[in-house]
Amino acid sequence: MEIENMPFSRRMMNMVVVYQSYIQSGIAPLKLGLSEYPILLKLAFSGKDLLLCQNEMARELHRDKALIARAVRHLTQMGYLTTAAHPYHKSKKILRLTETGRTVAYQVREITMRWDDRVKEMFAEEEWEAFLSGFEKVARVTADLEEGAD
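On a predicted model such as this, the values are computed, not experimentally measured, just so you know. (Residues numbered from 1 in each chain as written. Predicted model: local features only at pLDDT ≥ 70, side-chain atom pairs only at ≥ 80, totals over all residues. Heavy atoms only, no water.)

Asks: Now, about the packing of aromatic side chains: what can you tell me, with residues and values included?
Replies: Applying the stated criterion across every chain yields a total of seven aromatic pairs. The interplanar angle of 50° and the centroid separation of 5.3 Å between the aromatic rings of Y22 and W115 together place this pair among those described as tilted. Here W115 lies in helix α5 (residues 99–120) and Y22 lies in helix α1 (residues 8–27), a separation of 93 residues in the sequence. When the ring of F123 is compared with that of F131, the centres are 5.3 Å apart and the planes differ by 35°; the resulting orientation is tilted. A network of ring pairs unites the aromatic residues F123, W128, F131 and F135 as a single cluster. (Phe/Tyr/Trp six-rings, centres within 6.5 Å; stacked < 30°, edge-to-face > 60°. Helix = DSSP H or I, 4+ residues; strand = E, 2+ residues; numbered from the N terminus.)

Here is the structure:
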């Protein structure tokens, strides 16, 4: 099927598959999987006062709690994460990056930025702004659909 005749949802899925393949090849030497690198990025680049537990991470990343639990276990075994008692909810454990985890997060960000730069170089500035605006609209619709709105 030619791309011009392809439904938007299929185009989007194809783009995700290619992106995942690109990211996977970049993070493989770091011994990371596709479920793990977003956790490192979220913790490294979302602000210093972020107190995220596993369930909150699952919600933030729109992922299954069990998947996040497996990823956190692996990241902890790799020495990229530690857990600490939450200051207000003693039954929860806060996810924290180790220095090694922070270093790896920066390496992963470089990989994602290379992808971004490669895509962005195909657009004129006005086209890029229009693309991002359209993408934001798609993201809002997607969020509404996820919440059950029609």
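So that's the structure; there's more coming.
Asks: I'd like a rundown of the environment of A58, residues and numbers included.
Replies: Looking at the secondary structure, you find A58 in helix α3 (residues 54–61). Non-local contacts of A58, meaning those with residues more than four positions away in its chain, are made with R63, D64, K65 and I68. (Contact = heavy atoms within 4.5 Å.)

Asks: Before we move on, could you go through a negative patch on the surface and cite the residues and values that matter?
Replies: A surface patch of negative charge is lined by E125, E126, E127 and E129. By the element assignment, E126 lies in helix α6 (residues 125–146). (Patch = residues over 30% accessible without salt bridge, like charges linked within 9 Å, V, L, I, M, F, W, Y side chains within 5 Å. Areas by Shrake-Rupley, 256 points an atom, 1.4 Å probe, with all protein chains shown as cover. Salt bridge = Lys/Arg side-chain N within 4 Å of Asp/Glu carboxyl O. Lys, Arg positive; Asp, Glu negative; His and termini not counted. Charge placed at Lys NZ, Arg CZ, Asp CG, Glu CD.)

Asks: Quick one: what's the story with the layout of surface pockets, residue by residue and with numbers?
Replies: There is about 1500 Å³ of room inside the largest pocket. Taken together, 32 residues form the lining of the largest pocket, with M12, M15, V16, Y19 and F135 sitting closest to its centre. Mapped onto the lining of the largest pocket, the elements with two or more residues apiece are α1, α2 (37–45), α3, α5 and α6. Ranked by the residues each element gives to the lining of the largest pocket, the list is headed by α6, at ten residues. Among the residues forming the lining of the largest pocket, the class breakdown is 21 nonpolar, five polar and six charged. The space that makes up the second largest pocket amounts to roughly 280 Å³. In this structure, the second largest pocket is lined by ten residues; those nearest its centre are F8, R11, M12, M15 and F131. Of all the secondary structure elements, the ones that give two or more residues to the lining of the second largest pocket are α1 and α6. Along the lines of polarity and charge, the residues of the lining of the second largest pocket split into seven nonpolar, two polar and one charged. (1 Å grid on protein atoms, 1.4 Å probe; cavity = no way out; pocket = protein on both sides within 12 Å on 5 of 7 lines; lining within 4 Å. Points joined across faces, edges and corners; volume = space filled by probe spheres on them. Nonpolar A, V, L, I, M, F, W, Y, C, P; charged D, E, K, R; others polar.)

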